[in-house]
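Chains, contacts and geometry: an overview
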Amino acid sequence: MKNFPMFLRMDGRRVVICGSGEDAARKARLVLKTEAAIRILGTDLDPELAGLVASGRADHHPTLTPATFDNAALTFIATGCPALDAALADHARRHGAVVNVVDRPDMCDAVTPSIVDRDPVVIAIGTEGAAPVLGRSIKTEIETMLSPRLGSFVALAGRLRDAVAQNIPHRQRRGFWEWAFNGEAFRAHLAGRERAAAEILKDAIAAGQAPAEKGHIALVGAGPGARDLLTLRAVQRLQQADVIFYDRLVDPEVLELARRDADRIYVGKDVGAHAIPQATIDRMIVNEALKGRRIVRLKSGDPSVFGRATEELEAAKAAGIETEIVPGITAASAAAASLQKPLTERGEIDTFAITTGQCRPGDAAPSRARLAHPGTAVALYMAVEKAEEVSRDMIAAGTPADCPVDIVASVSTRDERHAATTLGNLAQTIREEGLAYPAILFVRYPKSMAASAPAQQATAA
Ligand code: SAH
C-alpha cells in the first residue's frame, strides 16, 4: 500500500482552496459536504466560488497573508501555474496542512478517493492512481447497493447509542445492534417509514431487548440471467435474506449478490430429473419463515409471469406470514431488448401477448385463435418443444405462415443465441439450429401483412 486510508477530522478546522477556476470550484463542492471552514485564496473568482463567499459559507483571501493557512487541516491547490502551486504547497506544509495539488500526484501528500457518501457512513475507494476509471465504476456499484436512506438511519442509531448503553445489558448489546441494522426498524426506515422505524427502536430500547424477528417471504424476480438486469430492490432483498430458494434458470452470478452467510437452497429441476413438487416448495419456504427468518424465493424473470407465484403467496398467507413481490425483467422484455425490436410498434403492433407452449398436464393448450389478429406480437414461453404444435395451431387459426418469428435462447447469458425464421418454418429452424430451452419465440403479425394475408395463407397451404 503506497497510500494509507485515514479519515481526516474536519470539524473546527479549515480547508484552504488555492485557485479561482473550475478545478478549485470542484474541490470546494467536495469540501462543502464537510463541517470544515472554507477559505478561498485567489482573485477573479469563478461565479460558483464567488457565490460561496457571498453566502458566507467561505471566506476569501485575494492574496496570501501570514494568516491564510492558520488552522488548515488540508489544502487543495489549483492555481494553474506550476511555480505558484509549488510555492503554495511549501507554505501550506509549514503550517501543518495536508497538501493536494490538483493533477500533480508527485506533489501530493494525499489524494482524494472516489467517495460514496451516506454520511455518517462514508466509503472511500482508491486505486493509487493505477485505475481511476475502475475506482469510479466500483463507486457506482456500491452506490446502487446502499440505500440513499442508509445515512439517516445510521445517524438515528448514533443518537440512540447512549440510551442503548443504559438500557440493553452489555452481553446483549451486539445482538441488539445486529437486529437494529438488519431487522424491522431498518426495513421500515429504508421503506420511507422513518417515524415508525424510530418508534420500533425506542420500544426495543425501553423493553431492554430486541424483539423476536417475524418471518417474511419475498418473491424476487432475478431477471433473465445477467446480474446487472436485477433491480436495486432485488439486490437489497438478496442482501437481507437469511435463506434463498432458487430455481434452475437463476444464474449463479445473481446468487453471488446474496449475503455470504445466507443459506442457498436449490429447488429447481435438473434435466431428466424430477422437479420438487410445488406443494413441497410451498411447505419449505413457509417452514423457514415460521422460524422468524427472511426468505427470498428467487425466480427467473418476473415472478408474476409463469412463476407459480400464486401458490406460494397463498401458502404464506395461510400461515400468516408477511409477503412481498419484487418484480423482475421478464424474458420477453430482455429478448426484445437484445433483438432491438420493440414489443409494440406504432402503426404496426398495437397488441402484445404473453402465452405459453405448455400448460399443466391434462389442460388444453391456450387458445391460439385469440392471437391470430393483425397488429399482434406474441411472446411464447416454454414453447421450444411444442414449436410444431404452436405453428400448426396458429396458422390454422389464421396467422399467416410467413409471419416473421425470432427465436432468442438463453438471453442475457453467455449462451445467448438468436435465429430468425417464419411461422411456417419454425419447428424446422429450431431443429436445424439446435436451439434449446430456455428460449422465447416471438411471432409478429404486423398490420401491414393483413392486406396480403389471404395470398400468404394460400402459399402456406
Ligand atoms: N418467470 C420467468 C418465466 C419462467 S417460465 C420470466 O418472467 O421470464 C420459463 C420460460 O421462460 C422458459 O421456458 C423460457 O421460455 C423463458 N425464459 C426464462 N429465462 C430465459 C432466458 N434467459 N432466455 C430465454 N428464455 C427464457
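Not measured: the values here are computed from a predicted model.

**Quick notes on the domain arrangement of the protein**
When its domains are assigned, the protein resolves into domain 1 (14–112), domain 2 (147–207), domain 3 (216–329) and domain 4 (332–454). When each unit is reduced to the centre of its C-alpha atoms, the spacing between domain 1 and domain 3 is 52 Å.

**Here we look at the pattern of salt bridges**
Applying the stated rule across the entire model yields 34 salt bridges. Among the ionic pairs, Arg 93 bridges to Asp 109, the shortest N-O distance being 3.1 Å. Of this pair, Arg 93 sits in helix H3 (residues 82–94) while Asp 109 sits in the loop between strand S5 (98–101) and strand S6 (114–118), placing them 16 residues apart in sequence. Here Arg 293 makes a salt bridge to Glu 288, at a shortest N to O gap of 2.9 Å.

**Describing unusual backbone geometry**
Here the residue pair Asp 119 and Pro 120 is connected by a cis peptide bond, since its omega of 10° sits within 30 degrees of zero. With respect to the helices and strands, the residue Pro 120 is situated in the loop between S6 and strand S7 (121–125). Cis peptide bonds are those with omega within 30 degrees of zero, and the linkage from Tyr 437 to Pro 438 qualifies with -5°. Topologically, Pro 438 is positioned in the loop between helix H16 (426–433) and strand S17 (439–445). A positive phi angle is found at Asp 44, which is not glycine, with a value near 50°. Assignment of secondary structure puts Asp 44 in the loop between strand S2 (37–41) and helix H2 (47–54). The class for Asp 44 is exposed, based on a relative accessible area of 74%. In this structure, Met 382 takes a positive phi of about 50° despite not being glycine. Turning to its location among the elements, Met 382 is positioned in the loop between strand S14 (376–381) and helix H15 (387–396). The exposure class assigned to Met 382 is partly exposed, which follows from its relative accessible area of 33%.

**Details of the site of the ligand**
For the ligand, the set of nearby residues contains 18 residues, the closest of which are Asp 302, Val 305, Thr 330, Val 411 and Ala 439. Asp 302 is positioned with one of its backbone polar atoms (N or O) 2.9 Å from an oxygen atom of the ligand. Relative to its unbound accessible surface of 540 Å², the ligand loses 96% to contact with the protein. Grouping the constituent residues of the shell around the ligand by class yields 13 nonpolar, 4 polar and 1 charged. Structurally, the shell around the ligand is a two-domain feature, drawing no fewer than three residues from each of domain 3 (216–329) and domain 4 (332–454).

**Some points on the pairing of strand S4 (residues 72–77)**
By the criterion of burial, S4 is predominantly enclosed, with 6 of the 6 residues buried. Relative to S4, strand S1 (residues 14–18) runs parallel, the two being bridged by 5 bridges. Across the sheet, residue Cys 18 finds its bridge partner in S4, namely Ile 77. Direction of pairing for S4 relative to S5: parallel, over a ladder of 4 bridges. Across the sheet, the residue bridging to Leu 74 is Val 98, located in S5. Regarding topology, H3 serves as the crossover connection from S4 to the parallel S5, and that connection is right-handed.

Rules behind the numbers
- Residues numbered from 1 in each chain as written.
- Predicted model: local features only at pLDDT ≥ 70, side-chain atom pairs only at ≥ 80, totals over all residues.
- Heavy atoms only, no water.
- Domains from an automatic or database assignment.
- Salt bridge = Lys/Arg side-chain N within 4 Å of Asp/Glu carboxyl O.
- Helix = DSSP H or I, 4+ residues; strand = E, 2+ residues; numbered from the N terminus.
- Buried < 20%, exposed > 50% of the residue type's maximum accessible area, 1.4 Å probe, protein only.
- Near = heavy atom within 4 Å.
- Polar contact = N/O pair within 3.5 Å; in protein donor to acceptor, adjacent residues only side chain to side chain.
- Areas by Shrake-Rupley, 256 points an atom, 1.4 Å probe, with all protein chains shown as cover.
- Nonpolar A, V, L, I, M, F, W, Y, C, P; charged D, E, K, R; others polar.
- Pairing = 2+ DSSP bridges.
- Right-handed = clockwise from strand over helix to strand, strands pointing away.

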